[in-house]
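Structural description and commentary
Single-letter residue listing:
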Amino acid sequence: MSKPKFVYVTYIRTTPEKLWAALTDPQTIKKYWFNITAECDWEPGSPWSLKFADGRTADTGEILEAVPPRRLVIRWRNEFKPELKAEGYSRCTMEIEMADYSIRTRAARRRSLPSRTNWKARARNSSRPFPAAGRRSCRTSNRCSRLATSRSRRRLKAVVDRSQFKPKTVYVIYIAAPPENVWRALTDPEQSQRAAVSKSSRGSAVISSSAFPTAG
Amino acid sequence: MNVRGEVVEWSPPRRFASTWIVDWVPELREFPPCLVSYDIEPSGESVKLTMTESYSWDPPDALLSGGRSGWPAILSSLKSVLETGKPLVIKLEPPKGMMELVKELAAARPWLKV
């Protein structure tokens with residue numbers, strides 16, 4: 001079997017049974033899959049298809065394995081873009097595992113998918129010069145800590161050449177929250193304590209797994 | 001486990017990047033820092049958060065598997081906190097064989113080879 005080309009893992013606070021239902025129930029699928037409808041009886045060997053709200057076929061295939069509530073394998077081909085249809089069938093595996101009180105589902109697709117991340121553009125972006133020292137607006141409006149940051153950034157200019165860094169792992173997640181809240185959660189020590197990433201003042205980041213939530 | 005680093009980009013509320021120097025075992029202090037950046041883009045009524053872990057050398061997949069198992073848990077928990085106010089409860093452990101691999105790499109220092 002060939003190596004997966006794309007793996008996405010997410011953790012969801014639910015039960016395997018509810019997650020299985022969400023992956024296979026047409027009404028639920030429609031809610032989260034942007035009005036896409038799934039047509040399938042979810043038995044191994046059965047035909048499977050996805051349809052747009054206007055009735056056009058999006059994707060077709062076949063159920064290869066269905067082991068509720070643990071594992072679903074779909075043979076999958078795009079139908080609405082000729083260049084993607086020409087790529088032929090891929091295999092999409094969804095695995096549901098318990099992770100303490102949460103469970104995760106993992107979709108692994110074996111096919112060379114069109115690149116969703118423009119790596120070259122990303123590398124170019126990441127080699128942009130640093131913002132001018134002192135431009136940083138810091139939550140701690142303490143003059144001393146701002147100055148300390150400016151100094152460390154000047155020093156870093158000499159040390160970190162970002163064009164030398166190539167992306168190796170990219171993870172994308174959509175969150176229903178304003179950008180400011182996401183920013184605060186990532187950078188505010190009190191909030192990020194809950195989401196496992198904490199940052200100290202003076203421009204240095206501290207990430208500690210001991211800050212990872214352990215209580216519900 | 002502890003991670004240190006320095007902020008390389010601070011553009012609220014759009015982009016935050018910092019180096020990571022992991023030092024939960026002494027051997028890891030030999031490793032070059034990696035760069036972790038967060039991009040926050042509005043997308044409809046939601047926000048698209050992209051985490052990018054970058055390296056100045058070519059680390060083996062086995063080493064990257066640590067981040068690849070940890071990030072989904074951390075960022076899923078972040079999503080849950082922001083959307084529901086409640087973090088997820090997930091037990092995190094380094095992948096099997098990670099310590100041995102770290103020791104091998106610290107001895108071989110592949111990042112010094114061009």
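Residues numbered from 1 in each chain as written. Chains lettered and ligands numbered in written order. Predicted model: local features only at pLDDT ≥ 70, side-chain atom pairs only at ≥ 80, totals over all residues.

Quick look at the overall build of chain B now. The secondary structure content of chain B amounts to two helices and five strands. Put simply, chain B runs from its N terminus to its C terminus through helices and strands in the order β-β-β-β-β-α-α. For chain B, the spread of C-alpha atoms along the principal axes amounts to about 50 × 30 × 20 Å. Counting across all 114 residues of chain B, residues that qualify as buried make up 39%. Partitioning the contacts of chain B with sequence separation of at least 6, the portion at a separation of at least 24 is 30%. (Helix = DSSP H or I, 4+ residues; strand = E, 2+ residues; numbered from the N terminus. Buried ≥ 20, exposed ≤ 12 C-beta atoms within 10 Å, placed from the backbone. Contact = placed C-beta atoms within 7 Å.)

Summing up the model confidence of chain B, the mean pLDDT is 92 and the portion of residues at 70 or higher is 98%. Interface confidence in the predicted complex, given as ipTM, is 0.92; pTM for the same model is 0.73. (pLDDT = per-residue confidence, 0-100.)

In this section: the pairing of strand β3 (residues 47–51) of chain A. All names here are of chain A. Burial along β3 is one-sided: Trp48 and Leu50 are buried, and none of Pro47, Ser49 and Lys51, which face the opposite way, are. In the sheet, strand β2 (residues 37–39) pairs with β3 via three bridges, with the strands oriented antiparallel. Bridged to Thr37 within β3 is Lys51. (Pairing = 2+ DSSP bridges.)

Turning our attention to the environment of B:Glu27. The topology assignment puts B:Glu27 in the loop between β3 (15–22) and β4 (34–43). Between the C-alpha atom of B:Glu27 and that of B:Leu101, which follows or precedes it by 74 residues, the distance is 10 Å.

What follows deals with the packing of helix α6 (residues 179–187) of chain A against helix α1 (residues 61–84) of chain B. Two elements in contact, α6(A) and α1(B), have axes separated by 11 Å at closest approach and are oriented at 125°. On the basis of their axis angle, the class for α6(A) and α1(B) is oblique. Remark: the crossing between α6(A) and α1(B) carries right-handed chirality. Every residue of α1(B) that contacts α6(A) at A:Asn181, A:Val182 and A:Ala185 is listed here: B:Leu78, B:Val81 and B:Leu82. Taken together, the residues of the contact of α6(A) with α1(B) sort by class into five nonpolar, one polar and no charged. (Axes fitted to C-alpha atoms, helices over the stretch in contact; angles between N-to-C directions. Parallel < 35°, antiparallel > 145°, perpendicular 65-115°, else oblique. Left-handed = near helix turned anticlockwise from the far one by under 90°. Nonpolar A, V, L, I, M, F, W, Y, C, P; charged D, E, K, R; others polar.)

Among the secondary structure elements, B:Ser11 is positioned in strand β2 (residues 7–11). Note: C-alpha distance between B:Ser11 and B:Leu92 (81 residues apart in sequence) is 30 Å.

Now for unusual backbone geometry. Note the cis peptide between A:Pro68 and A:Pro69, where omega equals -5°. Turning to its location among the elements, A:Pro69 is positioned in the loop between β4 (57–67) and β5 (71–78). Here the amide bond leading from B:Pro12 into B:Pro13 is cis, since omega sits at -5°, within 30 degrees of zero. Turning to its location among the elements, B:Pro13 is positioned in the loop between β2 and β3. Despite not being glycine, A:Phe34 shows a phi value in the positive range, around 50°. Relative to the helices and strands, A:Phe34 resides in the loop between α2 (26–32) and β2.

Moving on: the nonpolar core. One finds A:Val182, B:Leu49 and B:Leu82 to be the most contacted residues of the largest nonpolar core, which totals 30 residues. Breaking this core down by element, the ones donating at least two residues are β8 (166–175) and α6 of chain A together with β2, β3, β4, β5 (46–55) and α1 of chain B. A total of six residues in this core trace back to one element, the largest contributor, which is α1(B). In this view, B:Leu49 contacts A:Ile173, A:Ile175, A:Val182, B:Tyr38, B:Ile40 and B:Leu75; residues no more than four positions away in its chain are not counted. A:Trp48, A:Ala66, A:Leu72 and A:Cys92 belong to the second-largest nonpolar core, a separate cluster that totals five residues. (Core = buried A, V, L, I, M, F, W, Y, C linked by C-beta atoms within 7 Å.)

So, on to the environment of B:Ala62. When you line up the elements, B:Ala62 lands in helix α1. A sequence separation of 38 residues divides B:Ala62 from B:Trp24, and the C-alpha atoms of the two residues are 18 Å apart.

Bridge count for β4(A) against β5(A) is eight bridges, and the pairing is antiparallel. Bridge pairing in β5(A) links A:Ile63 to A:Ile74.

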